[in-house]
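Chain and residue survey
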Amino acid sequence: MGDGRQHQARRFYEHAGFRPDGNSTDWPVNGALVPELRYSRDLESANHIPLVAPESA
């Protein structure tokens, strides 16, 4: 996944209230290790933040 798509994916989750929790896993993909970051969000505030894509900049 290119840097632009990674940024777009991170922005999507962060806009919905998710934050990286510091955990990650490396997955082998076509001979390369690809990092997967774990995101989480507080369940109490989850009802107040809709899970929708951010508007295009």
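Everything below is about the structure printed above this text.
Predicted, not measured: the structure shown is a model, and the values here were computed from it.

1. As for the packing of aromatic side chains
- Scanning all chains against the criterion turns up three aromatic pairs.
- Both rings, one in Y13 and one in F18, keep their centres 5.6 Å apart while their planes meet at 85°; by these two values the pair is edge-to-face.
- Residue classification places Y13 among the partly exposed positions, given a relative accessible area of 37%.
- Between the aromatic rings of Y13 and Y39, the centroid separation amounts to 6.0 Å while the plane-to-plane angle is 35°, which identifies the pairing as tilted. In this pair, Y13 is assigned in helix α1 (residues 3-15) and Y39 in strand β2 (residues 32-40), connecting sequence segments 26 residues apart.
- Taking relative accessible area as the criterion, Y39 reaches 18% and is therefore assigned buried.
- An aromatic cluster of three or more residues is present, and its members are F12, Y13, F18 and Y39.

2. Examining the environment of A16
- Within the secondary structure layout, A16 lies in the loop between α1 and β1 (19-29).
- Since its relative accessible area comes to 0%, A16 is described here as buried.
- Along the chain, A16 and R41 lie 25 residues apart, while their C-alpha atoms are 8.6 Å from each other.

3. Notes on the pattern of salt bridges
- Per the counting criterion, the structure on display carries one salt bridge.
- One salt bridge connects R38 with D21, and the closest N-O pair in it is separated by 2.6 Å. Here the residue R38 occupies a position in strand β2, and D21 occupies one in strand β1, the gap between them amounting to 17 residues.
- In this structure R38 comes out as partly exposed when scored by relative accessible area, which is 47%.
- A residue is classified by how much of its surface remains accessible, and D21, at 31% relative accessible area, is partly exposed.

Rules and cut-offs
- Residues numbered from 1 in each chain as written.
- Predicted model: local features only at pLDDT ≥ 70, side-chain atom pairs only at ≥ 80, totals over all residues.
- Heavy atoms only, no water.
- Phe/Tyr/Trp six-rings, centres within 6.5 Å; stacked < 30°, edge-to-face > 60°.
- Buried < 20%, exposed > 50% of the residue type's maximum accessible area, 1.4 Å probe, protein only.
- Helix = DSSP H or I, 4+ residues; strand = E, 2+ residues; numbered from the N terminus.
- Salt bridge = Lys/Arg side-chain N within 4 Å of Asp/Glu carboxyl O.

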